[in-house]
Each structure stands twice: as structure tokens, then as C-alpha cells.
Amino acid sequence: MELQLEGIARDFWDGRELRRVLFPLNLSLTPGELTVLAGPSGSGKTTLLSIIGLVLRPSEGRILLDGREVTGLPDDAAATLRLSRFGFVFQQPLLIEGLTVRENLFLAVGIQGGRITAAIRGRAEELFTSLGLQGTGDMLPAMLSGGMKQRVSIARALIRNPAVILCDEPTSSLDAENGQVVMDILKRIAVEEGRLVVVVSHDARVFPYADRLVKLENGRVVADTRPLSEGAEAGA
Amino acid sequence: MRSRVALRLLLHDRSSTAGSLLGVVAIVFLVGQQLSILFGLLNYMSVLVDHSGADVWITSARLRNADAGDLISGRYLERVMGLPEVQWADPLLLANGLVRTADGSFEAVRLVGLRRPRLTGGPWALAAGEGEALLDLEAVAVDRLDLGKFGNPALQRVTEINGRRVRFGAVSSGARAFQGTLVFLSLDKVKEAAATPPGRYSAILVGLKPGVDRERALARLRALLPECGVFSTPELSRRTQLYYLTNTGIGGSFGFSTSIAVLIGVVIITLTMYASVLGRTRDFAVMRALGARRRDVAVVVLCQALMVGAVGIFLGFLCLAAILNATRGSDIPSYMPASVPPLLAGITLLVSLLGSLVALRKALQADPASVFH
Ligand SMILES: Nc1ncnc2c1ncn2[C@@H]1O[C@H](COP(=O)(O)OP(=O)(O)OP(=O)(O)O)[C@@H](O)[C@H]1O
Ligand SMILES: [Mg+2]
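Rules of the game
- Residues numbered from 1 in each chain as written.
- Chains lettered and ligands numbered in written order.
- Predicted model: local features only at pLDDT ≥ 70, side-chain atom pairs only at ≥ 80, totals over all residues.
- Heavy atoms only, no water.
- Near = heavy atom within 4 Å.
- Polar contact = N/O pair within 3.5 Å; in protein donor to acceptor, adjacent residues only side chain to side chain.
- Areas by Shrake-Rupley, 256 points an atom, 1.4 Å probe, with all protein chains shown as cover.
- Helix = DSSP H or I, 4+ residues; strand = E, 2+ residues; numbered from the N terminus.
- Contact = heavy atoms within 4.5 Å.
- Buried area = accessible area lost by both parts, 1.4 Å probe.
- Salt bridge = Lys/Arg side-chain N within 4 Å of Asp/Glu carboxyl O.
- Nonpolar A, V, L, I, M, F, W, Y, C, P; charged D, E, K, R; others polar.
- Pairing = 2+ DSSP bridges.
- Axes fitted to C-alpha atoms, helices over the stretch in contact; angles between N-to-C directions.

Enquirer: Can you help me understand the site of ligand 1 in this one?
Expert: Taken together, 14 residues are adjacent to ligand 1, and Ser41, Gly42, Lys45, Thr46 and Thr47 of chain A come closest. Of the chains in the model, those with residues near ligand 1 are chains A and B. In the model, an oxygen atom of ligand 1 is placed 3.2 Å from a nitrogen or oxygen of the Ser43 of chain A main chain. Contact between ligand 1 and Thr47 of chain A: an oxygen atom at 2.6 Å from a side-chain N or O atom of the residue. For ligand 1, whose accessible area on its own is 630 Å², the fraction buried by protein is 68%. Within the residue set of the shell around ligand 1, elements represented by two or more residues are strand E2 (18-29) and helix H1 (45-52) of chain A. Take the shell around ligand 1: its biggest share by element is three residues, from H1 of chain A.

Enquirer: I tried to follow the interface of chain A and chain B on my own but got confused; where do I start?
Expert: Between chain A and chain B, the contact holds 31 residues from the first and 26 residues from the second. Interface area, chain A with chain B, both sides summed: about 2700 Å², of which 65% is carbon and sulfur. In this structure, the connection of chain A to chain B is made through five salt bridges. Here Arg8 of chain B ties to Glu103 of chain A by a salt bridge, and the two come within 2.9 Å at their closest N and O atoms. Taken together, the connections running from chain A to chain B amount to 10 residue pairs in polar contact (both at pLDDT 80 or more). Where the side of chain A that touches chain B is concerned, the elements lending two or more residues are H1, helix H2 (75-85) and helix H3 (101-110) of chain A. By residue number, the principal contributor to the side of chain A that touches chain B is H2 of chain A, which donates six residues. For the side of chain A that touches chain B, the residue count by class is 16 nonpolar, eight polar and seven charged.

Enquirer: I would appreciate a short explanation of the sheet that holds strand E7 (residues 164-168) of chain A in the present structure.
Expert: Across a sheet, strands are paired by hydrogen bonds formed along the backbone, either parallel or antiparallel in direction. Residues and elements named next belong to chain A. On the basis of which strands lie adjacent, the open sheet formed by six strands has the order E6-E7-E8-E3-E9-E10 and mixed pairing. The open sheet terminates on both sides in strands that have one partner only, identified here as strand E6 (86-89) and strand E10 (220-225). Neighbour-to-neighbour, the strand axes of the sheet open up by a mean angle of 15°, direction not taken into account. Pairing between E7 and strand E8 (residues 196-200): five bridges, direction parallel. Pairing of Asp168 across the sheet is with Val200, part of E8. Seen against the sheet, H2 touches E6 and E7 and runs at an angle of roughly 80° to E6. Packing of helix H5 (residues 146-158) onto the sheet brings it into contact with E6 and E7, and relative to E6 it is tilted by some 170°.

Take a look at the structure:
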């Protein structure tokens, strides 16, 4: 799935005035790549990711999904699109307490009332295996470690087989080792499974995984490189 | 999945769920218990009419309630008996009296004079003694729950009503009236004790032949006795209940207390459900980000309200049944018509939904973009 941003900008009302936190930018994202959105705090990374994920409307510009404009979609249609095409991984795992790990996954499928089919159940078990979560299906999130929770949240993002995975600082609440595990998984999802993966991070340990590194500063794209293919000179 | 989520959240947020349940139980229990007393009192108001066994009551004209009729002429008895629809007709004579009690004090009572030998309008259930006891001119029957007012007399004990000698001949059951203590005795004794004019009665009770068209019979009786009040038994019962309900403040006071009970319940449900949603704002935002539409969030919250409502109603009725059982046969009036529980359950469910509206509003405000911060 191709994702195109054309002239996307965003203003926020900060109480006194309308402040532009994202200046018109163009970005074209392609599947099979892990794109890292980097930049200092407050540079607009999360804002951009929220716009890409259709949870925040841009003040200007257009978003195209496979050439179809989705910018002004009504609320419900945007929600349905999120459910079917997007997977989200947040800074915190944000699993729902009270639901088991398995139910947390099923929630991401059945929240609009859809049935949990045998195929979905099978996929959940596959994800548990591939993410090293065997045996956790019936546990409550509170019983899991931070790293495991974040892996569950990745499983939740993947259960619907989404074309696009959007992650906001997925490693920042994890230690180095767990952070590496998570990035390995995301990289595999992008490259081997051919999905479009965007990871927002200001964690330098994430950059080596980037097929493409987009740097934001003060709401503008200041660099857009392919560090792996361009070699060492195009690094951080 | 949405109802499953609703259930899981309820089970997990135990304290707020318990609070909401308490609100629902409070409504069912308090309102149910108030209503049972109200219906018990309503039964008391029309007890004589309801248990008379008559199809039609003939009274003085412009009757406001079954207890406030002027005396009517006994000549109507023959006229009524002349109609082909009528199987039987009996007079009833109501009057006030003073009964001398065991310790020499007096108890004001409502005398119910019955014509022998049929004793129409007399006690319909006896706790002690024989029904035929009242065939004796001197015998009276009082209710078992009223015995204490007379100093718990033994059967056959002699006393006086308005200075006339009578005997406790039988003890009735379930014959308590809102208007005063009922004492059943022969019509002739009432005439004597209350010195009512001869040949005049408070009412004529009529039994229709089986298979007779009641409306037609009522119309014929009305045409025959234009100077009288002619009521079907249910009609007079309703009229009497309505009279006391609206003229004694009972209706208002019960209306007030049930409204307060509902209000308290709604406030409890509202607060606890709101608190629960408040603690789950982030979860609802996560659901929205994952693809829940507003209506899906609403389904979850309303499912919760319905589940709490259903379980609360069940628990409430358990409590209610327990207390109604415990007070059955006591002197606390209580009666629950079969149509009331389903109605109460339905209203409580609606009220639970109503109580969840503030929580729903909060849940719908959950902003999916907030999960990224
Ligand atoms: N809802 C909002 N209302 C007002 N201002 C906002 C809102 N969201 C973001 N901003 C502002 O937009 C700017 C960019 O925020 P954003 O969260 O996108 O930054 P970021 O690059 O993700 O930073 P960080 O690395 O700290 O997460 C900030 O100055 C922030 O104050
Ligand atoms: Mg951010």
C-alpha cells in the first residue's frame, strides 16, 4: 500500500494564538521499508504520525492511500479504515487491563462487532509463537513484563494483517535488550512481510534499523535519507 | 466482542461495578418495597368490595367511596330480584361503633352488618372459629391482626358494642381495612347498636346469573334504579381506592418516596459509572485509535449499563422477595400485583441506561489522538 502526503501541515491553538507545528511537507511512503521519523522533542513527529494514522486531521494538505484521498473522511469511515489497514504501536503498550492478552488481540479485530473467526484465532497463536509470547494468551497484561507487554501490543497491531504499521517511540519504555527485540520484529515485518512500517523515535539505537530516515526539526523535514543503501556517509 | 469487553471491564473494575449494582438494587428494593406497601394499603381500602363476592353494588347516588354512602331503601331489594339476570341480592349495613375492650377502654370500629343466613359481604377467610358462628345474633368476627386492639379476647368472650351485648364468635384473616377496624356481625345487631332506621341499608350486593352479559345487566339496573348508584364491583373498588389515594395524601407521599428512591439510585449509578469510565478514558481512546467508532464505544458502555441493570434487578428482586416473605402475614400491609415486577424491572433497566448517560458522554469524548501523548 502506497501512502502519500501532499502539502500536509498542522496548526495548534496554544491558548493565545494559532501555532504551526508542522509546515507543509510532502512524503511518499512505500511498503517493504522501515521508515524512521527522527527529530528532537517537539519537532512534530507524533503530530505527523497521528495524521498519517488518520487519528488527527491535518490543517492543510491531502493524504492519499493507494491514490485514494482519505483526508476528509468522516469519523466512522476513518475508524473503519484504521481497523482494516492500520496497526498501531504506542510508546506505552496501552493494553486493556481486565482483558486477557488474547482478548486484547481479539479486541483489535472485533471492536466494531466483527466475529472472531477460527482464522483470527489461528493467527493469534501464530503471532504468540513468532513474538515469543507462547503461553501468555490467557494471562492478564498486569502479569507480563514491560517487554512482553510491548510485544503483545505489536501482536495486537498485526492481528488484522494491516498494510501499515505506525509506531510511536516503541522502544523508549524498554531496556536496550527488549528494545532490540522489538526493532528486530518491526524490521522483519517491514522487509519480510512487505508492510509499510513507520517508527517515530529519537533513540539513536533505532536508526541502524532504518531503511529510510526522515528527520524533522521545528515542524519541517530537514533530511530524508536511505542510510542502508547510501552507505556510511548518509548516516545520522 | 464488544459485550465481552463490557463484561470484562465490569468484572475488573469491581468496586465501581459493585457501586453501580448497589444503585440498581436500591431502586428495585426501595421502590418495590414502597409499592408493595402502597398496593397493600390499596387492598385495605377496597377490601370489603373486593371480597364481597358480588358482581354489582347498589348504593346511594353520587357515591365517592364505598364507605360514604347514604342509607338506601330495602324496597330496591325486591325490585332488583325481579330482574331475570339477577341470581341473588343481599343488603349490607355499615355503621360506626365502639367496642368495649378487655381492660374497659373502647375501640372505635367499623361495623359490617350481614344478612343471615347468607352473610354476603362477610369474612372470606377465618383464622379461628366457624363461619356459621355469625348466624348467631350476638356473634362478631374481628381480624386476627386486630385482636390486640381488643385485648386479645378468647373466642366466646362476651363484650359490648355501643352498649349491646356481643360475643367474639370467629376470627377472620385478611379482613383489615384502611378506614378502620372491621367488625363483622349480623345486620340486625348493627341496626340495634347503631339505631339505623328500619328497612334501610348501606348497599345492596347483587350476584348475577352465570353467563349473563354484565354490561347489559348493569345498564338494566341503572335504568331500573336511576336514583341509586349502580357499580360493578371492580368499578367501585377502583373508585374507592382512587378516592383515598388522592384525598389522603397517600398517593403523593408514596409518589414522593418512590421518586426519591429512584433519584438516589440514578445518582449512585451515574456517579459510579462515571467514575468507572473516567478511570478508563485512556482505554476508550485506545479502542477509538484501534478502529472503534463512537457507536462502538457507546455499545460497550450501554452493554455495561444493561449488564449492571440486569444483575442488579435480579439481586434487587431477591432482596425484595426476602423481605416480602418475612413480612407476609404480619401487620405491615404488603401486596405485589403480578404485573408490577416486570414493569419495575423495565423501568429500572431504563433508569440504569439513563444513569449511564453521563458516563457515555465522557466515554464518547475519548480522543483517539490522545493515545500518542
Ligand atoms: N493537542 C495539541 N494541542 C496543542 N499543541 C500541541 C498538541 N499536540 C502537539 N502540540 C504541539 O505540537 C508540537 C509538536 O508536538 P509533537 O508531539 O508532535 O512532538 P514530538 O516530535 O512527538 O515530540 P516528542 O519527541 O517530545 O514526543 C509541540 O510543540 C506540542 O506542544
Ligand atoms: Mg512524540
